[in-house]
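Structure assessment
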Amino acid sequence: MSRTIDYDVIREIIRVAKAMEAAQLVNTYEGNLSIKQDGLLYITPARTRKSTLTEDLICVIDEEGNQIHGTKKSSSETIMHHNSYELRPDINAVIHCHSPFLTAHAMCHVPIDQKCHPEILFHFKDIPVAPYGQPGTREILDQAAPYLKNRNLVLLGNHGVLAVGSTLEKAFQRVEAAEKFAKEICIAKLLGPTIDIPQSEIDRILARDIEV
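A few points on the structure. Please read all numbers here as calculations on a predicted model, not as lab measurements. (Residues numbered from 1 in each chain as written. Predicted model: local features only at pLDDT ≥ 70, side-chain atom pairs only at ≥ 80, totals over all residues. Heavy atoms only, no water.)

Here we look at the environment of Ala104
Summarising the element assignment, Ala104 is placed in helix 3 (residues 100–108). Distance in space between the C-alpha atoms of Ala104 and Gly160 is 8.2 Å, their sequence separation being 56 residues. (Helix = DSSP H or I, 4+ residues; strand = E, 2+ residues; numbered from the N terminus.)

Let's talk about the pattern of salt bridges
Across all of its chains, the model carries twelve salt bridges by this definition. Residue Asp8 pairs with Arg11 through a salt bridge whose shortest N-O separation is 2.8 Å. In this pair, Asp8 and Arg11 are both assigned in helix 1 (residues 7–22), three residues apart and thus about one turn of the helix distant. Given the relative accessible area of 40%, Arg11 is considered partly exposed. (Salt bridge = Lys/Arg side-chain N within 4 Å of Asp/Glu carboxyl O. Buried < 20%, exposed > 50% of the residue type's maximum accessible area, 1.4 Å probe, protein only.)

A look at the packing of helix 3 against helix 6 (residues 168–191)
For any two helices packed against each other, the geometry comes down to the angle between their axes and how far apart the axes lie. Between helix 3 and helix 6, the least distance of the axes is 7 Å, while the angle of their chain directions is 70 degrees. The orientation of helix 3 relative to helix 6 falls into the category roughly perpendicular. Considering the relative orientation of helix 3 and helix 6, their crossing is left-handed. Of the residues in helix 6, those touching helix 3 at Pro100, Phe101, Leu102 and His105 are Val175, Ala178, Glu179, Ala182, Lys183 and Cys186. Looking at the contact of helix 3 with helix 6 residue by residue, the classes come out as seven nonpolar, one polar and two charged. (Axes fitted to C-alpha atoms, helices over the stretch in contact; angles between N-to-C directions. Parallel < 35°, antiparallel > 145°, perpendicular 65-115°, else oblique. Left-handed = near helix turned anticlockwise from the far one by under 90°. Contact = heavy atoms within 4.5 Å. Nonpolar A, V, L, I, M, F, W, Y, C, P; charged D, E, K, R; others polar.)

Quick look at unusual backbone geometry
At Arg47, a position not held by glycine, the phi torsion is positive, near 45 degrees. The residue Arg47 is located in the loop between strand 2 (40–43) and strand 3 (59–61) in this model. Residue Arg47 is classed as exposed on the basis of its relative accessible area, which comes to 66%.

Right, here's the structure in full:
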C-alpha cells in the first residue's frame, strides 16, 4: 500500500539535526534523530554528516519495517528508536547522541542527581545512567526501559544520551540543556563541593510533573 510521506516532518528532522551539529552535539558517526507520525518512522541515515542532510536522505520506515523513502540505509540505532516509541506511546520524537559532557558521565556511570541547581531539578528531577547495552541492538532499550518510563532523558552506560519528547524540538532542548548542566557540574567540582538548595525548595520542585 502506498503511503504519503510528510515532507514537513523530514524538513524538521533536517533543521534540528543541523542545529545539533552546529552545537557540536552530533557528527558524521555519532547521533541519530527520529520522529514518528501516522505510523511511519522518519529517521536520519547512517554515517552521514548532519549538516549535509537533504530531503532525499531522510529514511522513512513503515509499520512492517520496510524502508519506503531515503537513498541511504537508516541509522544503526533504528531498533532503539522503534523500541523507545513502543515503551513510550506518549512521545513523538527521539534523539540519541554522544554529547561530550553527558557522555563522559555515561562512560563513568555517574548520574546527574545533584540538588545544587534548581533548573536541573525543575526540568529533569535527575538524569539516571542505564546499564550498558550493545549498540545497534534491542539490549539498549531493555536496559534503559526502567529509567525511560519516568524520565525524558537517560544516560546510556558507556555509550551516550537518549532523549525523548512530544516534539523533536523539545527533545533537542533537553539534550542541549542537560549538556550545559553537565558542563557546569564539572566546572563546579573544580571549585569545591557544591551546596544544595534548601530542602523545602527541593521538595516543591520535585512535586511537579515532568512535561512530555
